[in-house]
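Observations on the model geometry
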Amino acid sequence: MSIQEHTTSYFLALSPTHGETVLSHYQTLRNDKLLCDIVLVAEGTEFNAHKSLLACASDYFRSMFKDYTRESKASVVYLHMVSATGLQHVLDFIYNSCLALSLETLPQTLETASYLQVLEAVRLCSHYLVSSLSPGSCCQAANVAARFALSEAQRRAEGYIALNLWRLLAAGVEESGLMELNLESLQVVLQSEQVPRLKEAALLSLALEWLSRDQCRWAQADLLLPHIRYGLIPRAELQRLSSDPRGHLLERAGARQLITRALDYHRAESRQPVLQSRQSTLRNPERQLLAVGGVSLQQGASSVLWALNPRTREWSSVSQGPAIQNHCVCVLGNFLFVLGGEELQAGGDPRKEEGLAISNRVHRYDPRFNTWSRVASMLSRRAQFSCCVLDDCIFALGGRCGLQASLAAVEVYDVNSGRWDKVRKLPHKMQGHACAVHNDTIYISGGKYAEQPDASKEMFSFHPLQAEWKRCPPMTIARFGHQMATVGDSIFSFVGMYEPFCDIEYYDPLHKQWQRLRPLLFDRSCYGLAVMDANVYLVGGKKWHNSHEVAAQSAVMYDPNTDTWREVCKLPLPLCGTQCAVLHLPDLPEAEGKLELHN
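Please read these numbers as outputs of a predicted model, since none were measured by experiment. (Residues numbered from 1 in each chain as written. Predicted model: local features only at pLDDT ≥ 70, side-chain atom pairs only at ≥ 80, totals over all residues. Heavy atoms only, no water.)

**A short note on the pattern of salt bridges**
With the rule as written, the count across this model stands at 26 salt bridges. In this structure, the salt-bridge partner of Arg155 is Glu152, at a minimum N-O distance of 2.6 Å. Of this pair, Arg155 and Glu152 both sit in helix H8 (residues 151-163), separated by three residues, roughly a single helical turn. Taken together, the shared-partner salt bridges in this structure form one network comprising Glu174, Glu209, Arg213, Asp244 and Arg246. (Salt bridge = Lys/Arg side-chain N within 4 Å of Asp/Glu carboxyl O. Helix = DSSP H or I, 4+ residues; strand = E, 2+ residues; numbered from the N terminus.)

Right, dumping it as structure tokens:
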């Protein structure tokens, strides 16, 4: 006898509405009080429900209704830890998947959902807190999130408060709810790297006001006050704190020690670039590109310090600095140093070299307080030279000291001693050369030598420990008035003056080789150059137009990773001979006063 095997095929059909229909019928049974097998009582209010559905939606009820519990046999259960309003909202959610939320009832809803372990309702409450953040609700949202351990919602609320703190303070500490903000969230706000449009003194005032509202808070002073960056508060304001009626809070050991250090920092003005710490670091994490000095061919030398925000690609006027050209700039400790160059003499003609005086002065700009000051002047007057920073020292190399005279002298400024000293001379008297630093070694290239009027291809390197200039492989193109930049492990050499092809090239210090790259598509010389976010920016400069040399008004960017060029934005005015640097600038309102240059 043979048995024939039969193969049966199946088709799995899925109804997209069955679950909703079952839940809808549960709601109908609840409304009609049919088959309800449990009554929940909160604050004297009774709620009819079905054990089976409650057990499916809540771990709390699933444990409660197991066979061996007393509640599994009961018909009435009293919930003493939740409110009637909260229980109403959570039961409505269990039965119809909808949760009625408002800032007024949210704490009760969250308290009930958390206690009954209805986790999806808790998640929706957390999402609602984040989505409804506003200046009027953010402090309350942070408090609710902290109370119910909603870490993501609390983090988002604290970030919102920090970014909008200037709005909250403008509205008033009472109206904004800042005085009721929980300690943990206030700590996070005072630690934040992004608190725009506020001076540090405003954060200190907020902390003191919060602490002074209740004597019970005084013990928490050491948890808040150390987060203030006292180095960003002017010396005069720090000294006035002793007469502040809330000053007793600052006598706490942690705060008083930080204030003392900040006062020491302000007194040691010349050494500030090498005394940087978190206490003197600006809270704005974004860096901006600065254009310093230069010439507008129509308006003469520019004294405006322009800043480019890379995010908005907009320029803004930051301050008034020295009106200068053929100068150098560098950055140390987030201070801008402007060295040498040519300044217009009294009654001189800016269009003629005879009307310009070569300077040895060094100006320093502090973005923390938008102030300029003078530091020790260089030993030699210099224009068309190069400078760099190495081991917290500023090097000034070569340059022109007269209409024709060039320098081989190299001098170094030690911030700690506040003086310039001569070091090993350059191999030649030179001007119009370029400089870059890689791996603690200074590289210079090109320029014109006193004994050689034509542009040079040569490159030399200098390491302070070896104290001598070494010859490196020459560039493939003779250059004068060009610029170099270090990006990663490569040194790029960009176009100089009167070069016909606008080629660029890069040097590999490891293999000691030069290689040509894509030419600069924009005719340019006498431009400013800076590296920001691994891209090289060329700002302004001179270009040819209708057989005439004119100032350029564009900033272009070179991406070394893709070897491509593109125009980034327009300058506020055509500018050539500007020098560029990258600084962290404070994010303050546009109306902040601009301080004048101090001699």
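Read on, since the account is not over.
**Overview of the nonpolar core**
Core analysis: the biggest nonpolar cluster contains 80 residues, and Leu40, Ile161, Leu165, Leu225 and Tyr230 have the highest contact counts within it. If you look at the next biggest cluster of nonpolar residues, it comprises 19 residues, including Ala555, Leu571, Leu575 and Val582. (Core = buried A, V, L, I, M, F, W, Y, C linked by side-chain atoms within 4.5 Å. Buried < 20%, exposed > 50% of the residue type's maximum accessible area, 1.4 Å probe, protein only.)

**A closer look at the sheet that holds strand S25 (residues 469-472)**
Spatial strand order, S20-S21-S24-S25: four strands in an open sheet with antiparallel pairing. Where the open sheet ends on each side, the last strands, each with one partner, are strand S20 (434-438) and S25. In this sheet, adjacent strand axes meet at a mean angle of 25 degrees when their direction is disregarded. Strand direction decides the pairing type here: strand S21 (residues 441-445) and strand S24 (residues 459-462), joined by four bridges, are antiparallel. Across the sheet, the residue bridging to Tyr443 is Ser461, located in S24. (Pairing = 2+ DSSP bridges. Axes fitted to C-alpha atoms, helices over the stretch in contact; angles between N-to-C directions.)

**Here we look at the sheet that holds strand S8 (residues 314-320)**
The strands that make up a sheet pair up through hydrogen bonds in the backbone, lying either parallel or antiparallel. Pairing is antiparallel in the open sheet, where four strands are placed in the order S8-S7-S4-S36. Each of the sheet's edge strands pairs with one partner strand only, and the pair in question is S8 and strand S36 (579-584). Between one strand and the next, the sheet's axes are offset by a mean angle of 30 degrees, whatever the strand orientation. Bridge count between strand S7 (residues 304-309) and S8: six bridges; the pairing is antiparallel. Its bridge partner being in S8, Ala307 is matched across the sheet by Ser316.

**A short note on helix H5 (residues 106-115)**
A turn of α-helix holds 3.6 residues, and therefore any two residues three or four places apart point the same way. Among the residues making up H5, those that are buried are Leu106, Pro107, Thr109, Leu110, Thr112 and Ala113. Packed against the buried residues of H5 are helix H4 (84-96), helix H6 (119-131) and helix H7 (138-147). Directly beyond the C-terminal end of H5, a positive phi value near 60 degrees is found at Gln117. (Contact = heavy atoms within 4.5 Å.)

**Some remarks on the side chain of Asn182**
Relative to the assigned elements, Asn182 resides in the loop between helix H10 (173-176) and helix H11 (183-191). Taking the relative accessible area as the measure of exposure, Asn182 reaches 17% and is therefore buried. A distance of 3.2 Å separates the side chain of Asn182 from the backbone nitrogen of Glu184, its partner in a polar contact. Asn182 has contacts with Ala142, Asn143, Ala146, Gln154 and Trp210, leaving out every residue within four places of it along the chain. (Polar contact = N/O pair within 3.5 Å; in protein donor to acceptor, adjacent residues only side chain to side chain.)

**Some details on empty space enclosed by the protein**
Applying the stated criterion to the full structure yields one cavity of 30 Å³ or more. Taken as a whole, the largest cavity encloses approximately 30 Å³ of empty space. Lining the largest cavity are Val292, Gly293, Ser302, Ser303, Val304, Leu305, Gly321, Pro322 and Trp372. When grouped by side-chain class, the residues that make up the lining of the largest cavity number five nonpolar, four polar and no charged. (1 Å grid on protein atoms, 1.4 Å probe; cavity = no way out; pocket = protein on both sides within 12 Å on 5 of 7 lines; lining within 4 Å. Points joined across faces, edges and corners; volume = space filled by probe spheres on them. Nonpolar A, V, L, I, M, F, W, Y, C, P; charged D, E, K, R; others polar.)

Honestly, that's just the spatial picture; any functional story needs more than this.
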